[in-house]
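Close look at the chain arrangement
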Amino acid sequence: MAKAEPRAGWMEEIQSRLSSLPDRPRPVPGEELRRAGVLVPLFVRDAKLWILFTRRTESVEHHRGQISFPGGGEEPDDEDLYATAVRETEEELAIARSDVIALGSLTPIVTVTNFYVEPYVAAVPQPYVWKPAEAEIAEVIEAPLSSLMDPAIREAQPIPGREGTILFYHYGKHVIWGATARILAELLEALGGPPAR
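Note that the coordinates shown come from a computational prediction; the quantities given were computed from them, not determined experimentally.

In an α-helix, one turn spans 3.6 residues, which is why side chains three or four residues apart end up on the same side. Taking 1.5 Å of rise per residue, the 13 residues of helix α4 (residues 178–190) would be expected to cover 18 Å, and the 19 Å separating its terminal C-alpha atoms lies within 8% of that figure. Counting buried positions along α4 gives 10 out of 13 residues, so the element sits mostly inside the fold. Those residues of α4 that sit buried are G178, T180, A181, I183, L184, A185, E186, L187, L188 and A190. Of the residues flanking the end of α4, it is G192, one or two places downstream, whose phi is positive at about 105°.

A separate point is the side chain of D78. On the secondary structure map, D78 appears in the loop between β4 (71–73) and α2 (81–93). Reaching out from D78, the side chain makes a polar contact with the side chain of T84 at a distance of 2.7 Å. Non-local contacts of D78, meaning those with residues more than four positions away in its chain, are made with G73, A83, T84 and R87.

Within the open sheet, the 3 strands sit side by side as β9-β10-β11. Their pairing is antiparallel. What marks the edges here is a single partner per strand, and that holds for β9 (154–158) and β11 (174–177). Across the sheet, the mean angle from the axis of one strand to that of its neighbour is 30°, orientation sign disregarded. Judged from the 4 bridges that link them, strand β10 (residues 165–171) and β11 form a sheet pairing that is antiparallel. Note on β11: the bridge partner recorded for Y171 is H174. Across the sheet, α4 is in contact with β9, β10 and β11; its angle to β10 comes to roughly 80°.

The next subject is the packing of aromatic side chains. Taken as a whole and assessed by the stated rule, the structure comprises 6 aromatic pairs. The aromatic ring of W50 is capped on one face by R45, whose charged end is 5.4 Å from the ring centroid.

Further remarks concern the nonpolar core. Soluble globular proteins tend to bury their nonpolar side chains together. Counting 37 residues, the largest nonpolar core has L42, I51, F53, L148 and L187 as the members making the most contacts within it. At the level of elements, α1 (10–19), β1 (34–45), β2 (48–56), β7 (115–123), β8 (137–144), α3 (145–148), β10 and α4 are the ones that each hand at least two residues to this core. Broken down by element, the residue count for this core peaks at 7 residues, all from α4. Dropping the residues within four chain positions of it, L148 is found in contact with I51, F53, A143, I153, Y169, Y171, I176, L184 and L188. Judged by nonpolar contacts, the second largest core, of 17 residues, contains L39, V86, V100 and A122.

Let us look at the pattern of salt bridges. Under the counting rule described, the total for this entry stands at 8 salt bridges. A salt bridge links E90 to R97, with the shortest nitrogen-to-oxygen separation between them at 2.5 Å.

Within the secondary structure layout, N114 lies in the loop between β6 (109–110) and β7. Take N114: its relative accessible area is 44%, and that puts it in the partly exposed class. Between the C-alpha atoms of N114 and R35, which are 79 residues apart in sequence, the distance is 8.9 Å. The contact partners of N114, leaving out residues within four places of it in the chain, are E32, L33 and R34.

Turning to the side chain of T57, a few remarks are in order. Tracing the sequence through the fold places T57 in the loop between β2 and β3 (67–68). Only 2.9 Å separates the side chain of T57 from the backbone oxygen of A135, close enough to count as a polar contact.

Turning our eyes to something else, we now look at α2. The end-to-end C-alpha distance of α2, which contains 13 residues, comes to 18 Å, matching closely the 18 Å that a straight helix rising 1.5 Å per residue would cover. All buried positions along α2 are accounted for by L81, T84, A85, V86, R87, E88, T89, E92 and L93. Buried residues along α2 sit in contact with β1, β2, β4, β7 and β8. The backbone nitrogen of Y82 lies 3.2 Å from a side-chain oxygen of the residue at the head of α2, namely D80. Looking one or two places after α2, you find A94, whose phi comes out positive at around 60°.

What counts as what
- The residue numbers shown here count from 1 along each chain, following its written sequence.
- Confidence filtering applies because this is a predicted model: local features only for residues at pLDDT of at least 70, side-chain atom pairs given and counted only at 80 or more, and all residues used for totals across whole chains, interfaces and linings.
- Excluded from the side-chain calculation are hydrogens and water; included are all heavy atoms of the structure.
- Each helix is a run of H or I in the DSSP string that is no shorter than four residues. Each strand is a run of E no shorter than two, and both are numbered from the N terminus.
- Each residue after the first adds 1.5 Å to the expected span of a helix.
- Here the term buried applies to any residue with accessible area under 20% of the maximum for its type, exposed to any over 50%, and partly exposed to those in between, with areas from a 1.4 Å probe on protein chains only.
- As used in this structure description, the phrase polar contact means that two N or O atoms lie within 3.5 Å; if the pair is within protein, one of them must be able to donate a hydrogen and the other to accept it, and residues adjacent in sequence are counted only when both atoms belong to side chains.
- Every residue pair with non-hydrogen atoms within 4.5 Å of one another is taken to be in contact.
- Strand pairing is assigned whenever DSSP detects at least two bridges linking the two strands.
- The angle between two axes is taken between their N-to-C directions and runs from 0 to 180 degrees, where each axis is a line fitted to C-alpha atoms and a helix contributes only its stretch in contact.
- For this analysis, a ring pair means two rings from Phe, Tyr or Trp (six-membered ring only for Trp) whose centres lie within 6.5 Å, classed as stacked if their planes differ by under 30 degrees, edge-to-face if by over 60, and tilted for the remaining angles.
- Working rule: Lys NZ or Arg CZ, within 6 Å of ring centre, within 35 degrees of ring normal, means a charge sits over the ring.
- Throughout, nonpolar core names a set of buried Ala, Val, Leu, Ile, Met, Phe, Trp, Tyr and Cys residues whose side chains join them through atoms within 4.5 Å.
- Put simply, a salt bridge is a Lys or Arg side-chain nitrogen that is within 4 Å of an Asp or Glu carboxyl oxygen.

Laid out in structure tokens, this is it:
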């Protein structure tokens, strides 16, 4: 199993790995797609590299009850989709924009719910107190990346009536799937895990 153990200079190493990811086809956002940005927050705790997810409430408009990365839809005042991701993260978890350290980006994706999503990987200092917005976030989920690299927790199922598969990661009582799993798979591949596709 691949390791995701941080050492001195871990942020620089992740920046380097993200910048050397192989080129993948990038979707072109059309007018029918809602533009969104998500943040993939990483942090070090107990000498291990961790990742943060949220579980959305049942009352939000999109992706009710699903595990996701913090983020959301673009607003007119957002400079770009990175600004969207950071703004939404601050709104959802009270992570100050000034505390977010950009490390790189992953391949944009288009979701079955007609979102064009740009994922941005970032470091968040520790210790940090997450303050989830009750209306949007039901739970904050922290996971060591080394656990998510275990091939035993990854599953791919065919999509009924379509080509391709849907990825699932089974982490404890949580099931990470859909767009979040696709983003996670590319990050894990960049850090030495199995190929994302």
